[in-house]
Amino acid sequence: MILPIYTYGQPVLRKEAKDITPDYPELKTLIANMYETLTESDGIGLAAPQIGLDIRLVVIDLDVLSEDLPEYKDFRHAFINPYILEYDEDSKKETMEEGCLSLPGIHESVTRPTRIHVKYMDEDFNEHDEWVDGYLARVMQHEFDHLGGKMFIDRISPMRRQLIRGKLKNLLLGRFRCSYRTKVLKK
Ligand code: ZN
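Overview of the structure. No experiment lies behind these values; they were computed from the predicted model shown. (Residues numbered from 1 in each chain as written. Predicted model: local features only at pLDDT ≥ 70, side-chain atom pairs only at ≥ 80, totals over all residues. Heavy atoms only, no water.)

Only C100 (SG), H142 (NE2) and H146 (NE2) from the protein coordinate the zinc ion, and they sit 2.1 to 2.2 Å from it. Donor residues for the zinc ion sit on one chain with the sequence pattern C-x41-H-x3-H. A residue pair is termed long-range when its members are at least 10 positions apart, and C100 in the loop between strand 5 (93-98) and strand 6 (108-113) and H146 in helix 2 (residues 134-147) qualify at 46 residues. As far as burial versus exposure is concerned, C100 and H146 are alike and both buried. (Donors = N, O, S within 2.8 Å, 3.2 Å for Na, K, Ca; no water. Helix = DSSP H or I, 4+ residues; strand = E, 2+ residues; numbered from the N terminus. Buried < 20%, exposed > 50% of the residue type's maximum accessible area, 1.4 Å probe, protein only.)

See below:
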């Protein structure tokens, strides 16, 4: 089932998400729905707050990029209760343009560390603890930020933020177009 994407202004996007346990109701179905929603909206990552749930759950699909980045062929994973434990301070930082399904029409350069230490559980609640780099590290940082109530626009310069103020206001008012279903906060 395709779920509507909650857009900028929805309070759930600013909440601290909670850990879940294996008895979370209909978890497999929820994950399947998140993959379907992600594919439908041409995204590469989706965090549960973006579909209105304040839980620590993220799906990432990098297979769609595998023509350019063959190392991510068939990379489709769900991350349960993920946390970034540390950033490799010795790794260089990289600036790349990011977008977000909850911020349709906004694309801005974001500087992030290129290597991170993460822990999470997979769909079967097996624990993982690993260092991640490259494009995946970037996507994980973007998605895991959502679980702490953060969005990429919090990480751009005050000047850029000022320049997109009008676009953000239009998002709040529902004045935007995009190809997927959204849920705008009704004022
Ligand atoms: Zn996002």
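This is not the end of the story, as more comes after the structure.
The terminal C-alpha atoms of helix 2 lie 21 Å apart, and with 14 residues this matches the ideal 20 Å at 1.5 Å per residue to within 8%. With 12 of 14 residues buried, helix 2 lies mostly within the body of the structure. Buried within helix 2 we find L136, A137, R138, V139, M140, Q141, H142, E143, F144, D145, H146 and L147. Residue G149 follows helix 2 closely and has a positive phi angle near 75°. (Expected span 1.5 Å × (residues − 1).)

Here the structure, examined in full by the defined rule, presents 15 salt bridges. For R112, the salt bridge is made with D145, and the minimal N-O distance between the two is 3.2 Å. Residue R112 is located in strand 6, and its partner D145 is located in helix 2; the two are separated by 33 residues in the primary sequence. For R112, a relative accessible area of 2% puts it in the buried group. We note a salt bridge from R161 to D154, for which the minimum N-O separation is 3.7 Å. Each of the salt bridges in this network shares a partner with another, and the network as a whole consists of E98, R112, R138, D145 and R155. (Salt bridge = Lys/Arg side-chain N within 4 Å of Asp/Glu carboxyl O.)

With respect to the helices and strands, the residue H117 is situated in strand 7 (residues 115-121). Side-chain polar atoms of H117 contact the side chain of E86, separated by 2.7 Å. Apart from the residues within four sequence positions on either side, H117 is in contact with Y83, I84, L85, E86, D129, E130 and W131. (Polar contact = N/O pair within 3.5 Å; in protein donor to acceptor, adjacent residues only side chain to side chain. Contact = heavy atoms within 4.5 Å.)

Following the criterion strictly, the structure yields 3 aromatic pairs and no others. A centroid spacing of 4.8 Å and a plane angle of 75° characterise the contact between F79 and Y120, whose relative ring orientation is edge-to-face. Here Y120 lies in strand 7 and F79 lies in strand 4 (residues 76-87), a separation of 41 residues in the sequence. For the pair F79 and Y120, a shared accessibility class is recorded, and that class is buried. (Phe/Tyr/Trp six-rings, centres within 6.5 Å; stacked < 30°, edge-to-face > 60°.)

So, on to the side chain of N33. With respect to the helices, strands and loops of the structure, N33 is situated in helix 1 (residues 27-40). Classification of N33 as buried rests on a relative accessible area of 12%.

Attention now moves to the environment of E97. With respect to the helices, strands and loops of the structure, E97 is situated in strand 5. Given a relative accessible area of 55%, E97 falls into the exposed group. Taking the C-alpha atoms as reference, E97 lies 29 Å from D19; in sequence the two are 78 residues apart. Contacts of E97, omitting those with residues within four sequence positions, involve H107, E108 and S109.

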